[in-house]
Amino acid sequence: MLDVGFSLLGPVEVRRDGRPVPLGGGRQRALLAALLLNADLVVSVDRLVDELWGDRPPASARAQVHTLVHRVRRSLGAAGAVIETRPPGYVLRTGWAGIFVALDVSEFTGRIERARDHAAQGRPDEAVAEFRAALALWRGQPLEGASAVFVPREAARLDELRLTAIEECLGLELALGRHAAVVAELAALVDEHPLREELRARLMLALYRCGRRTEALEVYRSGRALLVEETGLEPTARLRELHEVILRGDRDPEPLIPVPERPRASPPTGTSVPAASAAKPAGPAATGSGRVRAIGVAVVMALMVCAGGSAAAGGFTTGVSAQAPPVQFVPGPAWRESPPKPVPAAFFGTTIGTKSGAMPGFRIGAARFWDSRTRWANVQPEPGRFDWSNLDRMVAGAEREHLPMLYTMGITPSWAAAPDAPRSAYDDGSRTAPPRDLSDWDKYVHAVVSRYKGRIGAYEIWDFANTPEHYTGDLATLVEMTHRAAAIIKEEDPRATVVCPSFGKLWTSQGRRSLATFATLGGYRSCDAAAVKLHPRRNIGRPEEMTELAVLIYNTLHNAGVHLPMYATGPGHSVPTDKPLRERDANNYAVRFYLAGLYARYTRMYFYSWGVQGLPLVLQVEGSAPTRAALFIDRLQDWLDGASVRSCGQGRANGLPDGVWQCRFTLPRVRGGGEVAVRWTAEGAAAMSLERGARRVDHLDGRSVPVRAGRPVVIGERPVLIRFG
């Protein structure tokens, strides 16, 4: 029997019967890695082309894939039989008669799962041994020597799995009282990953328990200074609380991943995990099995089905509700759809920020054109002359990906505006005033709609209609322009959707007054949908704050008698000046942007923006691989493909621990039917017991963990999917 070992956790290597196999160049190694990362799954030639070359494949890309497969098979010799040709591509089989296949990535993930199982069953020593065995498989930078577009993305994903395993392992070792043994290792890790707060918290705890309180405080001080300097953000609440406890020195810190106390009145479908009740001795030198057990319980609970995200304690509360007096407690979700309402693929939209016609390299459901130099001033640079080059490319690109399109109209070209009209925020010479002659507006609208009839499905009449960078005319004129545009659109393309101008600054009373005035003037009478800038108070705030803003917007429109489908078409105008989010927050917030939109019952959510850098949260730079945040959005869409939303809610009223948010869905029969729930927290973590029927928890990183009713899980800032049935 042949013994073949494939290694990806370091340089890409193959050993056949213990001897190294020459693999050739970086592209050959990349193709082998792509098949190994999808072992036992058919990988189409088209996907291999995308993974190897991205958006710029050579004309001979498909032929090169076949050549690369041939070369890899030849390098493997008799073991090359594990790579089968299976339309529409290839599959690498790990089970093959006469060939024993070992893959270090599979062994690593298998050992990690066994470690978590040991921890869940109260065997921390065995869990640590499995974690250490898994980590010993790493030989350096993953996928080293492979050359392809996908390599940085997958290397980052694998390294994140390694770091998460290290954090879990060290958490268990601290729970076992091995603080002195892990101090040096933690110090090296913090030096290598200075912004990773879980590692910093563990180092602070280890130093404190070794009697090195001053050093523990310095670890916090230096970390905070670095965090503020690089991101402008303060440490998480959990890290600040740990610092306060160490500063006072009057008790031993709480476990690294706190578990909320059980509420006095347990919710019907989920309960918080009780905190350890044994008293703990104070001070850094405290020892004894009582403390180990208390910390061990919390860490073990967190490892059972860790939902990711921050370990900060406490639930999310909006600023308004935090100051308001208690209101009537009403059990049940925030809202319910009966029958469940389908979640259309087009709900998951994004604004395209480039003009090449390229579309995202990950799954999205709809495209919006605004920052693609397709504005009125770009399309009609002179009276009577149209330049369709940019918009033609954008429409063709979206059509190739079968994406429904929203085209945003405006801003006024300089030739159509008054000579003294203010300049817009853009470099195309456009003006923020309405056109001097509204017939120029009519001709522009007619030209666009007649050219793209049946291709562009929706038109947003103006962007940011109440900000001086975009519109300085009066709202009565904007209402007139809206009615005229809607009439032209419906005459030319009756099936097209007319989306009224988008309004921003809606956290302010002045912004909402503009919205109300436009409604009172009859602006929405000609529209099929309303557009708003839906975002947290600060553009980089937690997405759940958007649900509070959605209520303010709803109340404003409701009082004006307007009830239309809602489109969220972007953040606040200042978003390009905001500082980048931390990696963890960026990954989590990207997914929760869409979940908050579902919770708010919006019809379309357009993420801002695809293809460019310089924003707090980047999904993909054109020509580069998608970020992990983008891949998480892709996974969310896979979870909800064909699903219908049944309800959304949060906290005790929805049978959940305080701080936990949830939307429940039914799946179509073609996907096995049944019910699923997406759960997450806006801040921190909360433990609960799974209700009857729970059978599996899926994670955004691709992990899937079997579970059963009554099993404790920890819900965190990274959403998870719970499958029932």
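These numbers come from a predicted model, not from an experiment.

### Concerning the confidence of the model for the chain
For the chain, per-residue confidence averages 87 on the pLDDT scale, and residues scoring 70 or more make up 90% of the total. Between residues 256-324, whose pLDDT stays under 50, and residues either more than four places distant or in other chains, the model counts 156 contacts.

### Quick notes on the side chain of His535
Mapping His535 onto the fold places it in the loop between strand 15 (529-532) and helix 18 (545-559). Judged by its relative accessible area of 9%, His535 falls in the buried class. When sequence neighbours within four positions are dropped, the list of residues in contact with His535 reads Trp507, Met546, Leu549, Gly570, Pro571 and Gly572.

### Structural notes on the state of the cysteines
Under the counting rule described, the total for this entry stands at two disulfides. For Cys500, the disulfide goes to Cys527, at an S-S distance of 1.9 Å. What sets the handedness of the Cys500 and Cys527 disulfide is the S-S torsion sign, and at about 80° it is right-handed. Remark: Cys527 occurs in the loop between helix 17 (509-520) and strand 15 and Cys500 occurs in strand 14 (residues 497-503); sequence separation between them is 27 residues. Residue pairing for Cys648: its cysteine sulfur links by disulfide to Cys663, the two sulfurs lying 2.0 Å apart. For the disulfide bridge between Cys648 and Cys663, the dihedral angle about the S-S bond is near 110°, and by the sign convention the bridge is right-handed. With Cys648 in strand 18 (residues 644-650) and Cys663 in strand 19 (residues 660-666), this residue pair connects regions lying 15 residues apart in the sequence.

### Points about the packing of aromatic side chains
Inspection of the entire model under this criterion finds 21 aromatic pairs. Taking the centre distance of 6.3 Å and the plane angle of 35° together, the rings of Tyr567 and Tyr606 count as tilted. In this pair, Tyr567 is assigned in strand 16 (residues 566-568) and Tyr606 in strand 17 (residues 604-610), connecting sequence segments 39 residues apart. An identical accessibility class is assigned to Tyr567 and Tyr606; each is buried. Pairing Phe593 with Tyr594 gives two aromatic rings, centres 4.9 Å apart and planes at 80°, and the pair type is edge-to-face. A relative accessible area of 1% means that Tyr594 is categorised as buried. One aromatic cluster is present, built from ring pairs that chain together Trp376, Trp415, Trp441, Tyr444, Trp462 and Tyr471. The ring of Trp138 carries the charged tip of Arg162 above its face, separated from the ring centre by 5.6 Å. A cation over an aromatic ring shows up here: Lys533 above the ring of Phe464, its NZ or CZ 4.8 Å from the ring centre.

### Considerations on the packing of helix 6 (residues 150-175) against helix 8 (residues 197-209)
Interaxial distance between helix 6 and helix 8 falls to 10 Å at its minimum, and their mutual angle equals 20°. In terms of their interaxial angle, helix 6 and helix 8 are classed as roughly parallel. Judged by the twist between their axes, the crossing of helix 6 over helix 8 is left-handed. Within the contact between the two elements, helix 6 uses Ile166, Glu167, Leu170, Gly171 and Leu174 and helix 8 uses Glu198, Leu199, Arg202, Leu205, Ala206 and Arg209. Across the contact of helix 6 with helix 8, the residue classes tally to six nonpolar, one polar and four charged.

### Describing the packing of helix 4 (residues 104-120) against helix 5 (residues 124-135)
Closest axis-to-axis distance for the helix 4/helix 5 pair is 8 Å, and the angle between their directions is 165°. The angle between helix 4 and helix 5 places the two elements in the roughly antiparallel class. Here helix 4 runs over helix 5; the crossing is left-handed. Residues Phe108, Arg111, Ile112, Arg114, Ala115, Arg116, His118 and Ala119 of helix 4 form the contact with helix 5, whose participating residues are Glu126, Ala127, Glu130, Phe131, Ala133, Ala134 and Leu135. Grouping the constituent residues of the contact of helix 4 with helix 5 by class yields nine nonpolar, one polar and five charged.

### Focus on the sheet that holds strand 17
Read around the barrel, eight strands follow the order 10-11-12-13-14-15-16-17 and close on themselves; strand pairing throughout is parallel. Adjacent strand axes in the sheet meet at a mean angle of 25°, parallel and antiparallel pairs treated alike.

### Some details on the pairing of strand 22 (residues 694-699)
Looking at chain direction, strand 22 and strand 25 (residues 720-724) are connected through five bridges and run antiparallel. The residue of strand 25 that forms the bridge with His699 is Val720. As judged from the three bridges shared by strand 22 and strand 23 (residues 704-706), these two strands associate in the antiparallel manner. Residue pairing in the sheet places Val697 in a bridge with Val705 of strand 23. Hairpin connection, strand 22 to strand 23: the antiparallel pair is bridged by four residues, and Gly702 has positive phi, about 100°.

So, how was this worked out
- Residues numbered from 1 in each chain as written.
- Predicted model: local features only at pLDDT ≥ 70, side-chain atom pairs only at ≥ 80, totals over all residues.
- Heavy atoms only, no water.
- pLDDT = per-residue confidence, 0-100.
- Contact = heavy atoms within 4.5 Å.
- Helix = DSSP H or I, 4+ residues; strand = E, 2+ residues; numbered from the N terminus.
- Buried < 20%, exposed > 50% of the residue type's maximum accessible area, 1.4 Å probe, protein only.
- Disulfide = S-S within 2.5 Å.
- Phe/Tyr/Trp six-rings, centres within 6.5 Å; stacked < 30°, edge-to-face > 60°.
- Lys NZ or Arg CZ within 6 Å of the ring centre and 35° of its normal.
- Axes fitted to C-alpha atoms, helices over the stretch in contact; angles between N-to-C directions.
- Parallel < 35°, antiparallel > 145°, perpendicular 65-115°, else oblique.
- Left-handed = near helix turned anticlockwise from the far one by under 90°.
- Nonpolar A, V, L, I, M, F, W, Y, C, P; charged D, E, K, R; others polar.
- Pairing = 2+ DSSP bridges.

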